[in-house]
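Secondary and tertiary structure notes
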Amino acid sequence: MVYKALTIAGSDSGGGAGIQADLKTFQELGVFGMSALTAVTAQNTLGVQGVYPLSPEAVAKQIESVATDLGADAVKTGMLFSAEIIEAVAAKVKQFGWTCLVVDPVMIAKGGAPLLQEEAVNALKTYLLPLAMVVTPNIPEAEALTGLTIRTMEDRKEAAKRLHELGVKHVVIKGGHDDDGEETVDVLYDGSEFFYFTSKRIDTKHTHGTGCTFAAAITAELAKGKTVQEAVQTAKSFIQAAIEHTLGIGHGHGPTNHWAYREKAAR
Ligand SMILES: Nc1ncnc2c1ncn2[C@@H]1O[C@H](COP(=O)(O)OP(=O)(O)OP(=O)(O)O)[C@@H](O)[C@H]1O
Ligand SMILES: Cc1ncc(COP(=O)(O)O)c(N)n1
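On a predicted model such as this, the values are computed, not experimentally measured, just so you know. (Residues numbered from 1 in each chain as written. Chains lettered and ligands numbered in written order. Predicted model: local features only at pLDDT ≥ 70, side-chain atom pairs only at ≥ 80, totals over all residues. Heavy atoms only, no water.)

**Remarks on helix H6 (residues 153-165)**
Each turn of an α-helix holds 3.6 residues, which means side chains three or four residues apart point in the same direction. Under the convention used in this document: Secondary structure follows DSSP: runs of H or I at least 4 residues long count as helices, runs of E at least 2 residues long count as strands, and numbering of each begins at the N terminus. In a helix, the anticipated span is given by 1.5 Å times the number of residues less one. Note on exposure labels: buried denotes an accessible area under 20% of the residue type's maximum, exposed denotes more than 50%, and partly exposed covers the range between, all computed with a 1.4 Å probe on protein chains only. In this description, one arc is meant: the one made by directions from the helix axis to the C-beta atoms. Any two residues having at least one pair of non-hydrogen atoms within 4.5 Å are treated as being in contact. Definition of a polar contact: a pair of N or O atoms within 3.5 Å, with one able to donate and the other able to accept a hydrogen when the atoms are protein atoms, and with sequence-neighbouring residues admitted only if both atoms are side-chain atoms.
Between its first and last C-alpha, H6 extends 19 Å over 13 residues, near the 18 Å set by a 1.5 Å rise per residue. Burial in H6 covers these residues: Arg156, Lys157, Ala159, Ala160 and Leu163. One face of H6 carries all of its buried residues, which in axial projection span an arc of 160 degrees. Exposed side chains of H6 directed beyond 90 degrees from the buried face belong to Glu154 and Glu165. Of the surrounding secondary structure, the elements contacted by the buried residues of H6 are helix H5 (139-146), strand S7 (170-173), strand S8 (183-189) and strand S9 (194-200). You can read the cap of H6 off the contacts: a side-chain oxygen lies 3.4 Å from the backbone nitrogen of glutamate 154, and it is on threonine 152. A positive phi of about 115 degrees marks glycine 167, the residue just after H6.

So, in structure tokens, the structure goes:
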């Protein structure tokens, strides 16, 4: 059985985030990766030097090519850039009846460059989240999507409930941006219960693409038929290994190590 996953996202020329992180993660987890590009970014570990979006038609056509021939067991979205691209993606997800959809609501790169136009946040809420199986905001993204200020775990739980009300079945609010304490905690809400995924916080500046990699690992596991809880647990272990065994490349915020999880398992 060959499991297949499609990522609809932007290209990171530096290879640490975006489409490149997604495809590497799919491959490492034994899933055949396919892609529909939404934008090309000129980017490295120092920042984003240019953003060149594709037309909504070009995005829709790539999705169609994949869907009408290969098919996908799970689909992930990352950088979508504009409301027009979001609408085009949502229409295709509906047309092909894809229910195993992971939405990583990418808004701003680590260095501060906008990867989603401000007015597109509403389009995400209106068109895409109601179709999603899982949404994976970091804390600032959860704030932008809900209008809440998130400081405590109770705030995060409230934000998860509000996002669930938009129609998405599972909400994971990631804790990478919560600088307090020795641990990073990701919270999963399935509409009735909360589940906590905790790991040791690693003191490093090499976290470029952690969010993309984490969501891609969830997508790969869902493609294999795992439950959302199982998929989030594997994704947490995958990203922990990738951050811990840093590659130390580039002059800024370096990428994570996408082969660390496999090497750890082989030992
Ligand atoms: N320093 C760290 N140590 C351990 N785990 C971390 C660390 N930073 C982030 N993580 C984990 O990485 C995953 C991504 O979290 P984060 O909140 O950084 O997402 P993000 O901001 O969307 O990522 P990015 O925008 O860099 O792609 C989560 O599982 C989080 O717990
Ligand atoms: C094409 C693309 N997609 C997503 C991200 C987010 O990743 P990060 O916040 O680590 O820069 C990025 N930088 N580039």
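**What about the confidence of the model for the chain?**
Residues shown with low pLDDT carry predicted positions that ought not to be read at fine detail. We apply this condition: One confidence number per residue, pLDDT, is output by the predictor and ranges from 0 to 100.
In this model, the chain carries an average pLDDT of 96, and 100% of its residues clear a pLDDT of 70 or more. Overall fold confidence for the complex sits at a pTM of 0.98, while the interface term, ipTM, reaches 0.96.

**Re the sheet that holds S8**
The criterion, for reference: Two strands pair under a simple rule: DSSP has to find at least two bridges between them. To obtain an axis, a line is fitted to C-alpha atoms, over the contacting stretch when the element is a helix, and the angle between two such axes runs from 0 to 180 degrees between their N-to-C directions.
Reading across the sheet, the nine strands line up as S3-S2-S1-S4-S5-S6-S7-S8-S9 and stay open at both edges, with mixed pairing between neighbours. Each end of this open sheet is capped by a strand with a single partner; those strands are strand S3 (47-53) and S9. Direction of pairing for strand S1 (residues 4-12) relative to strand S4 (residues 74-77): parallel, over a ladder of four bridges. The residue bridging threonine 7 from the neighbouring strand is lysine 76, located in S4. Most of the contacts of helix H7 (residues 210-223) go to S4, to which it runs at about 165 degrees, and overall it touches S1, S4, strand S5 (101-103), strand S6 (134-135), S7 and S8. In this fold helix H8 (residues 228-244) packs onto S6, S7, S8 and S9, with an angle of close to 15 degrees to the strand it touches most, S9.

**Thoughts on empty space enclosed by the protein**
Inclusion rule: Points on a 1 Å grid over protein atoms alone make up a cavity when a 1.4 Å probe fits among them but cannot get out, and a pocket when they form an open set with protein on both sides within 12 Å along at least five of seven lines; lining residues each have an atom within 4 Å of a point. Grid points are joined across faces, edges and corners, and a volume is the space filled by probe spheres set on the points. Residue classes follow a fixed rule: Ala, Val, Leu, Ile, Met, Phe, Trp, Tyr, Cys and Pro count as nonpolar, while Asp, Glu, Lys and Arg count as charged, and any other residue, Gly among them, counts as polar.
Within the structure shown, the criterion is met by one cavity of 30 Å³ or more. Taken together, Thr77, Gly78, Leu80, Val103, Asp104, Pro105, Val106, Leu116 and Leu124 form the lining of the largest cavity. For the lining of the largest cavity, the class distribution of residues is six nonpolar, two polar and one charged.

**Considering the site of ligand 2**
Going by this rule: One heavy atom suffices: a residue is near a molecule or strand as soon as one of its heavy atoms comes within 4 Å of it. Here the Shrake-Rupley method, with its probe set to 1.4 Å, supplies the accessible areas, and only the displayed protein chains count as covering residues.
The environment of ligand 2 is formed by 14 residues, the closest being Gly10, Gln43, Lys110, His208 and Gly209. Take glutamine 43: an N or O atom from its side chain is 2.7 Å from a nitrogen atom of ligand 2. Between ligand 2 and lysine 110, the relevant distance is 3.3 Å, taken from an oxygen atom to a main-chain nitrogen or oxygen of the residue. Isolated, ligand 2 exposes 360 Å² of accessible area, and the fraction of that covered by the protein chains is 93%.

**Re a nonpolar patch on the surface**
Using the following cut-off: Only residues whose relative accessible area exceeds 30% and that form no salt bridge enter a patch; like-charged residues are grouped when within 9 Å of one another, and nonpolar side chains (Val, Leu, Ile, Met, Phe, Trp, Tyr) when within 5 Å. Salt bridge, as used here, is a side-chain nitrogen of Lys or Arg placed within 4 Å of a carboxyl oxygen of Asp or Glu.
A cluster of nonpolar side chains, Val2, Phe32 and Leu70, forms an exposed patch at the surface whose accessible area comes to about 280 Å². Tracing the sequence through the fold places leucine 70 in the loop between helix H2 (56-69) and S4. For leucine 70, a relative accessible area of 38% puts it in the partly exposed group.

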